[in-house]
Amino acid sequence: MSTGEIGTILSSRERLDRFIEQAAVVRRAEAELLHQLAELDKDGAPVEFGYCGSAATLAQDVLRISRAEARRMAERARVLFGALGISGEPLSPDLPNTAEAYSRGEVGVEHVDRIRTFAAELPAEVLIGDAWPIAEKALAEIAGEVGPHGLVRPIRELRARLDPDGHPPNDHEPVRPDREIWFRQHANQWEIRGRLDYETGLKLRSVLDALGKPRSSEANGGTPDTRTPTERDADAFAEIVQLAANPENLPENGGEPFTIMVTMTEASLREGIGHATTMDGTTIPATQLRRIACDAGIVPTVLGSAGEVLDMGCRDRTAPPKLRRRLIARDHGCAHPDYDHQPALTQAHHIHHHANGGPTTEENMVLLCAHHHRMIHHTEWQVRIHNGKPEFTPPEYRRGIRFANAEPQRLLRSS
């Protein structure tokens, strides 16, 4: 069957199913490739064929890949499928459960590398102890349900349990530098420029890199991240602004969130259609306003069909500081299982929207990062509060897997 015939016959859902199926095939093939490299190493092939005993050098030459990628392959093969010791004794793999999940096509190389990096940072006595096999099995199970970034929180909690001493603290004192920023509005956009001292610039670059990493397909609703580096930097900067705009970070405003006054029709407010006009005359879509309203002080002036003022709203739609602290205690940051933003970088989302009668209560709110806040508003992802915890239901094309924010903690407690 030709490519044109496939394009004519397949529906979008069938094509998506095929896309997911082929991704699993690729993952299984990748795992088998690493397994064969591990077996070649155990059989002594790198010595037999003149590669000085180096599996990485063998892979680099026969696969025509870079030295860096060959080294990563050799290390993945070792931790997933074992190797030979210096004296020729077999060494057990550090990540046998992860290897099984990879071989089934349930996890990808990014999952493997996150778990592999975590294992490499642990003391040797932890890896040979009784707790590590249980912890690694828990991580492999979690990796089969979330994107790579969804492993950050479980890994952090496991590190605290397995290696409580950690690294020594850094006591460097920041120096007060000189800096300037110019911030101007042009129509419905803003222009920002300025200069920073070297130390602050390094810190900002580090934060932008951490917040602006390309999203995996799993974390991006099944589609690749096509943002340019400058677009990723801009999205990361928007999250930094969200951090500063959270109520607990604005003591000079008495703990109140930033406020936007808008004028809109009653239908636009309740149905999420049309547009709203801010005090400075900027027009924004009602759908965008509904997202902003979850975590900002929106004071709507609602107009009737003849332009008469029907209602001058209040700001009880936002989570007050006391409620936000309760949400932080429950969700610990972005509650979506595919991500791990800290509480300060999250927005309080109304599950049943305020404009449609949803109350501003703990049972109707969940903390989400900006990316997953948009996803909940615009895709088929659903969230509810079940047994006091946020529970997420992905779109049907995600195979109907149900994610619960409490699941990683339950697995960790069992370890």
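Computed from a predicted model, the values in this text were never measured in an experiment.

A. Spotlight on the overall build of the protein. From N to C terminus, the protein includes 17 helices and 14 strands. Looking at the protein as shown, the accessible area adds up to about 23,000 Å², and 55% of this sits on carbon and sulfur atoms.

B. View of the pattern of salt bridges. This model, assessed by the stated rule, comprises 20 salt bridges. The closest approach of N and O atoms between R104 and E106, which form a salt bridge, is 2.9 Å. Residue E106 is classed as partly exposed on the basis of its relative accessible area, which comes to 38%. Connected via shared salt-bridge partners are E69, R72, R76, D113 and R116.

C. View of the confidence of the model for the protein. Residues at a pLDDT of 70 or more form 69% of the protein, whose mean pLDDT is 77. When pLDDT is averaged over each element of the protein, helix α6 (residues 96-103) comes out on top at 96 and helix α17 (residues 406-414) at the bottom at 33. Under a pLDDT of 50 for its full length, residues 250-258 has, in the predicted model, 17 contacts with residues more than four places off or in other chains. Across residues 400-415, where pLDDT falls below 50, the model places 40 contacts with residues more than four positions away in sequence or in other chains.

D. Highlighting the pairing of strand β12 (residues 382-386). Pairing of β12 with strand β13 (residues 389-393), which is carried by 5 bridges, proceeds in the antiparallel orientation. Residue pairing across strands places Q382 opposite T393, the latter belonging to β13.

E. Fine view of the packing of aromatic side chains. With the rule as written, the count across this model stands at 2 aromatic pairs. Between F118 and W132, the ring centres sit 5.9 Å apart and the planes meet at 55°, which makes this aromatic pair tilted. Residue F118 is located in helix α7 (residues 109-121), and its partner W132 is located in helix α9 (residues 131-143); the two are separated by 14 residues in the primary sequence. W132 sits in the buried class, given a relative accessible area of 3%.

F. Here's a closer look at a nonpolar patch on the surface. Taken together, the side chains of I181, F183, W190, I192, L196, F237 and V241 define a hydrophobic patch exposed on the protein surface, amounting to about 700 Å² of accessible area. Elements represented by at least two residues in the nonpolar patch include exactly β3 (180-186), β4 (189-195) and α12 (229-245). Within the secondary structure, F237 is located in helix α12.

G. Local environment of the packing of helix α4 (residues 55-63) against helix α5 (residues 67-81). Look at α4 against α5: their axes get within 8 Å of each other, and the N-to-C directions meet at 125°. Put simply, α4 runs oblique to α5. Crossing handedness for the pair α4 and α5: right-handed. Judged by residue contacts, A55, A56, A59, Q60 and L63 of α4 engage R67, A70, R71, M73 and A74 from α5. Taken together, the residues that form the contact of α4 with α5 break down as 7 nonpolar, 1 polar and 2 charged.

H. Here's a closer look at helix α15 (residues 321-331). Within the span of α15, buried status applies to L323, R324, L327, R330 and D331. Buried residues in α15, looked at end-on, bunch into an arc of 120°, giving them a common side. What points out from α15, more than 90 degrees from its buried face, is the exposed set K322, R325 and A329. In this structure, the buried side of α15 is in contact with α10 (152-162), β10 (346-350), β11 (365-369), β12 and β13. H332 sits one or two residues past α15 and shows a positive phi near 65°.

I. Structural detail: the side chain of H349. Mapped onto the elements, H349 comes out in strand β10. Looking at H349, its side chain comes within polar contact range of the side chain of H373, at 3.3 Å. In this structure the side chain of H349 is engaged in a polar contact, spanning 3.5 Å, whose partner is the side chain of H377.

J. Looking closely at the state of the cysteines. Counting across every chain of the model gives 0 disulfides. Unpaired in this structure, C369 has its nearest cysteine sulfur neighbour in C334, at a distance of 3.7 Å.

K. Focus on unusual backbone geometry. A positive phi angle, close to 55°, is found at R64, a residue other than glycine. Relative to the elements of secondary structure, R64 occurs in the loop between α4 and α5. Unusually for a residue other than glycine, N387 sits at a positive phi of about 55°. Counting through the fold element by element, N387 comes out in the loop between β12 and β13.

L. A look at the nonpolar core. Counting 38 residues, the largest nonpolar core has L37, L80, F118, W132 and L162 as its most contacted members. At the level of secondary structure, the elements contributing two or more residues to this core comprise α2 (12-42), α4, α5, α6, α7, α9 and α10. Here this core takes 7 residues from α5, the largest share from any one element. If sequence neighbours within four positions are ignored, F118 has contacts with W132, L139, I155, L158, R159 and L162.

M. Broad picture of α9. Taking 1.5 Å per residue, 13 residues should reach 18 Å; α9 reaches 18 Å between its end C-alpha atoms and fits that length. Looking only at α9, the buried set comprises W132, A135, E136, A138, L139, A140, I142 and A143.

N. A look at the side chain of H350. With respect to the element layout, H350 can be found in strand β10. Given a relative accessible area of 1%, H350 falls into the buried group. One polar contact links H350 to T360, side chain to side chain, over a distance of 3.0 Å.

The rules behind these values
- Residues numbered from 1 in each chain as written.
- Predicted model: local features only at pLDDT ≥ 70, side-chain atom pairs only at ≥ 80, totals over all residues.
- Heavy atoms only, no water.
- Helix = DSSP H or I, 4+ residues; strand = E, 2+ residues; numbered from the N terminus.
- Areas by Shrake-Rupley, 256 points an atom, 1.4 Å probe, with all protein chains shown as cover.
- Salt bridge = Lys/Arg side-chain N within 4 Å of Asp/Glu carboxyl O.
- Buried < 20%, exposed > 50% of the residue type's maximum accessible area, 1.4 Å probe, protein only.
- pLDDT = per-residue confidence, 0-100.
- Contact = heavy atoms within 4.5 Å.
- Pairing = 2+ DSSP bridges.
- Phe/Tyr/Trp six-rings, centres within 6.5 Å; stacked < 30°, edge-to-face > 60°.
- Patch = residues over 30% accessible without salt bridge, like charges linked within 9 Å, V, L, I, M, F, W, Y side chains within 5 Å.
- Axes fitted to C-alpha atoms, helices over the stretch in contact; angles between N-to-C directions.
- Parallel < 35°, antiparallel > 145°, perpendicular 65-115°, else oblique.
- Left-handed = near helix turned anticlockwise from the far one by under 90°.
- Nonpolar A, V, L, I, M, F, W, Y, C, P; charged D, E, K, R; others polar.
- Arc of directions from axis to C-beta.
- Polar contact = N/O pair within 3.5 Å; in protein donor to acceptor, adjacent residues only side chain to side chain.
- Disulfide = S-S within 2.5 Å.
- Core = buried A, V, L, I, M, F, W, Y, C linked by side-chain atoms within 4.5 Å.
- Expected span 1.5 Å × (residues − 1).

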